[in-house]
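Structural overview for review
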Amino acid sequence: LAGNDIGSMEHIIERRLKHYVESKPDILLIDGGKTQLAFTNKILSNFGIKDILVLAIAKGVGRVRAAETIFTSKGILELAPNSESFKLLSEARDESHRFAITASRKKLIKKNKYSSLDKITGIGPVTKTKLLKKYKSLKNIKNAPIEDLMTIKNINETMAVSIKETL
């Protein structure tokens, strides 16, 4: 499991556990350290689940690959960085990151696919993308000075005013 914050992590774990009424996993691998491990074990306990091994894998100092620490409720799990077990856990964690990042990007693209910017004459997909890339949100675009909006290619004063009025 990979989550950006404790709230999303709680939601992810609870959502997954609801599907394990009859068969549940033997192991949960989470991205994080002792805090995430304790939190996950608390959620499992709240569900009355005590027989799932939780492994928390945290990047090493300086986030150096192959220097990860693997925590369990019984302490640190010692695995040689070149062992197949360590490689498997690292690859599973990396895959969860890849999956989470891809899902996040798809969600952002879908969210930004249609917006108030589409109503503005002269704003096409390229200019819209440039605006969202620079300002990150419609609120930030609305709050940007007209002169700043005009620094984006193809946006003149009339268009900048129209953007501010529409948003």
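Residues numbered from 1 in each chain as written. Predicted model: local features only at pLDDT ≥ 70, side-chain atom pairs only at ≥ 80, totals over all residues. Heavy atoms only, no water.

1. Section: the overall build of the chain
Looking only at helices and strands, the chain has 7 helices and 4 strands in total. When its helices and strands are written in sequence order, the chain yields α-β-α-β-β-β-α-α-α-α-α. Residues counted as buried form 31% of the 167 residues belonging to the chain. Residue pairs at least 24 apart in sequence account for 47% of intrachain contacts in the chain once pairs closer than 6 positions are excluded. (Helix = DSSP H or I, 4+ residues; strand = E, 2+ residues; numbered from the N terminus. Buried < 20%, exposed > 50% of the residue type's maximum accessible area, 1.4 Å probe, protein only. Contact = heavy atoms within 4.5 Å.)

2. A closer look at the pairing of strand β1 (residues 27-31)
Relative to strand β2 (residues 53-58), β1 is paired through 5 bridges, and the arrangement is parallel. Bridge pairing in β2 places I27 opposite L53. A crossover links β1 with its parallel partner β2, the connecting element being helix α2 (residues 34-46), and its sense is right-handed. (Pairing = 2+ DSSP bridges. Right-handed = clockwise from strand over helix to strand, strands pointing away.)

3. Observations regarding α2
Taking 1.5 Å of rise per residue, the 13 residues of α2 would be expected to cover 18 Å, and the 18 Å separating its terminal C-alpha atoms lies within 8% of that figure. When we look at burial in α2, the residues that qualify are L37, F39, T40, I43 and L44. Considered in projection along α2, the buried side chains sweep an arc of 165 degrees and stay on one side of the axis. Structural note: α2 exposes K34, T35, K42 and N46 on the side pointing more than 90 degrees away from its buried face. (Expected span 1.5 Å × (residues − 1). Arc of directions from axis to C-beta.)

4. A few points about the pattern of salt bridges
The full count for this structure, using the stated rule, is 6 salt bridges. E84 is the partner of K87 in a salt bridge, and the nearest nitrogen-oxygen pair spans 3.7 Å. Taken together, the residues K87 and E84, both in helix α3 (residues 84-113) and 3 residues apart, mark about one turn of the helix. Ionic pairing is found between D94 and R93, a salt bridge with its closest N-O pair at 3.0 Å. The exposure class assigned to D94 is partly exposed, which follows from its relative accessible area of 24%. (Salt bridge = Lys/Arg side-chain N within 4 Å of Asp/Glu carboxyl O.)

5. Focus on the confidence of the model for the chain
Here the chain averages 84 in pLDDT, and 88% of its residues register 70 or above. No element of the chain has a lower mean pLDDT than helix α1 (residues 6-17), at 72, and none a higher one than helix α6 (residues 146-149), at 95. (pLDDT = per-residue confidence, 0-100.)

6. A closer look at the environment of S73
Along the polypeptide, S73 turns up in the loop between β3 (69-72) and β4 (75-77). Here the alpha-carbon distance between S73 and V54, two residues 19 residues apart in the chain, equals 7.4 Å. Once residues within four sequence positions are removed from consideration, S73 is found in contact with L37 and N41.

7. Some remarks on helix α4 (residues 125-135)
Among the residues of α4, T127, K128, L131, L132 and Y135 are the ones counted as buried. Viewed along the axis of α4, the buried residues span an arc of 130 degrees, placing them on a single side of the element. For α4, exposure combined with an orientation more than 90 degrees from the buried face picks out P125, V126 and K133.

8. With respect to the side chain of T72
Position of T72 among the secondary structure elements: in strand β3. According to the relative accessible area criterion, T72 is buried, its value standing at 14%.

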